[in-house]
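Examination of the molecular architecture
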Amino acid sequence: ELATCVAHEIKNPLAGISFAIESLKGDYNGEDTDTKREVFEDILEQIYRLDKTVRDLLDFAKPEQITHNDLVDINMVLIKTVDFINPKAMAGNVEVSMELDDNLPKILVDEKKVQEVFFNLALNAIHAMTTNGKLHISTSFDTEISPPFLEIRFKDTGKGILPEDISRIFLPFFTTRHAGTGLGLYISKMIV
């Protein structure tokens, strides 16, 4: 209840501030226009970060409900996710590669929720790497076991998770980053 209340109290003023900054940025024609626009962009980026925190709080506050299951091509969901995170990866000098099995069956999932899981895993990997990192995403379908097993793997060249943190990574609000909310993996686990 507290998370929901706080999130709603922040969300509305944040939307107003964002709208005001967008208007100022668009209307500004004074001297040092490039410098001012850069400041506006920085402010908007911080507003986006706060808005993401608020959305994470709202997601945390409500139990995950799968509302829409369809037969989904997981490879296509991963390709869409990579398209979305590529700018962030390039900004951090992270190379993203994929090795997708062409023989995957479609599976019954909520596509948006699964994409959120992939997005969280990819962002965590990008944040964990320094310059020239590599994120490799692969899929495979093992028919040798019964029932057959579809595997989706995210592998990165980051420093890894400290042994003492392994047991806490799925706890709500646990994070090792100063900018993170610590809700991404918690929400991902709830979806899975």
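Higher on the page you've got the structure.
The structure reproduced in this document is the subject of the present report. The structure displayed is predicted, hence computed values, not measured ones.

1. What about the environment of Asn124?
With respect to the secondary-structure elements, Asn124 resides in helix 4 (residues 111-128). By relative accessible area, Asn124 is classed as partly exposed at 34%. It is 8.7 Å that separates the C-alpha atoms of Asn124 and Leu185, two residues lying 61 residues apart in sequence.

2. Comments concerning the packing of aromatic side chains
Counted under the stated rule, the structure contains 2 aromatic pairs. Here the aromatic rings of Phe84 and Phe119 are separated by 5.4 Å at their centres, their planes lie at 55°, and the arrangement is tilted. Taken together, the positions of Phe84 in helix 3 (residues 74-91) and Phe119 in helix 4 put the pair 35 residues apart, joining distant regions of the chain. Taking the relative accessible area as the measure of exposure, Phe84 reaches 56% and is therefore exposed. Here Phe118 and Phe154 contribute two aromatic rings whose centre-to-centre distance is 5.9 Å and whose plane-to-plane angle is 35°, an arrangement assigned as tilted. Taken together, the residues span a long stretch of sequence, with Phe118 in helix 4 and Phe154 in strand 5 (residues 149-156) at a distance of 36 residues.

3. A look at the packing of helix 3 against helix 4
Closest axis-to-axis distance for the helix 3/helix 4 pair is 9 Å, and the angle between their directions is 40°. Overall, the two elements helix 3 and helix 4 adopt an arrangement that is oblique. Note on packing geometry: the crossing formed by helix 3 with helix 4 is right-handed. Residues Ile74, Val77, Leu78, Lys80, Thr81, Phe84, Ile85, Lys88 and Ala89 of helix 3 lie in contact with helix 4, whose contacting residues are Glu111, Val114, Gln115, Phe118, Phe119, Ala122, Leu123, Ile126 and His127. The residue inventory of the contact of helix 3 with helix 4, partitioned by class, reads 12 nonpolar, 3 polar and 3 charged.

4. Digging into the packing of helix 4 against helix 5 (residues 184-191)
Interaxial distance between helix 4 and helix 5 falls to 9 Å at its minimum, and their mutual angle equals 145°. Judged by the twist between their axes, the crossing of helix 4 over helix 5 is left-handed. Facing Lys113, Glu116, Val117, Asn120, Leu121 and Asn124 of helix 4, the residues of helix 5 in contact are Gly184, Leu185, Ile187, Ser188 and Ile191. Among the residues making up the contact of helix 4 with helix 5, the classes are represented as 5 nonpolar, 4 polar and 2 charged.

5. Overview of the nonpolar core
Core analysis: the biggest nonpolar cluster contains 20 residues, and Ile85, Val94, Val96, Phe118, Leu135 and Ile137 have the highest contact counts within it. With 7 residues, helix 4 is the single largest residue contributor to this core. In contact with Leu135, not counting residues within four places along its chain, are Ile85, Val94, Glu95, Val96, Ser97, Ala122, Ala125, Met129, Phe154, Lys155 and Asp156.

6. Thoughts on the sheet that holds strand 4 (residues 133-142)
Strand order in this open sheet of 3 strands is 2-4-5, and the pairing throughout is mixed. Whereas interior strands pair on both sides, the edge strands pair on one side only; in this sheet they are strand 2 (94-99) and strand 5. Along the sheet, successive strands turn relative to each other by an average axial angle of 10°, direction set aside. The pairing of strand 4 with strand 5 spans 8 bridges and is classified as antiparallel.

Calculation notes
Residues numbered from 1 in each chain as written. Predicted model: local features only at pLDDT ≥ 70, side-chain atom pairs only at ≥ 80, totals over all residues. Heavy atoms only, no water. Helix = DSSP H or I, 4+ residues; strand = E, 2+ residues; numbered from the N terminus. Buried < 20%, exposed > 50% of the residue type's maximum accessible area, 1.4 Å probe, protein only. Phe/Tyr/Trp six-rings, centres within 6.5 Å; stacked < 30°, edge-to-face > 60°. Axes fitted to C-alpha atoms, helices over the stretch in contact; angles between N-to-C directions. Parallel < 35°, antiparallel > 145°, perpendicular 65-115°, else oblique. Left-handed = near helix turned anticlockwise from the far one by under 90°. Contact = heavy atoms within 4.5 Å. Nonpolar A, V, L, I, M, F, W, Y, C, P; charged D, E, K, R; others polar. Core = buried A, V, L, I, M, F, W, Y, C linked by side-chain atoms within 4.5 Å. Pairing = 2+ DSSP bridges.

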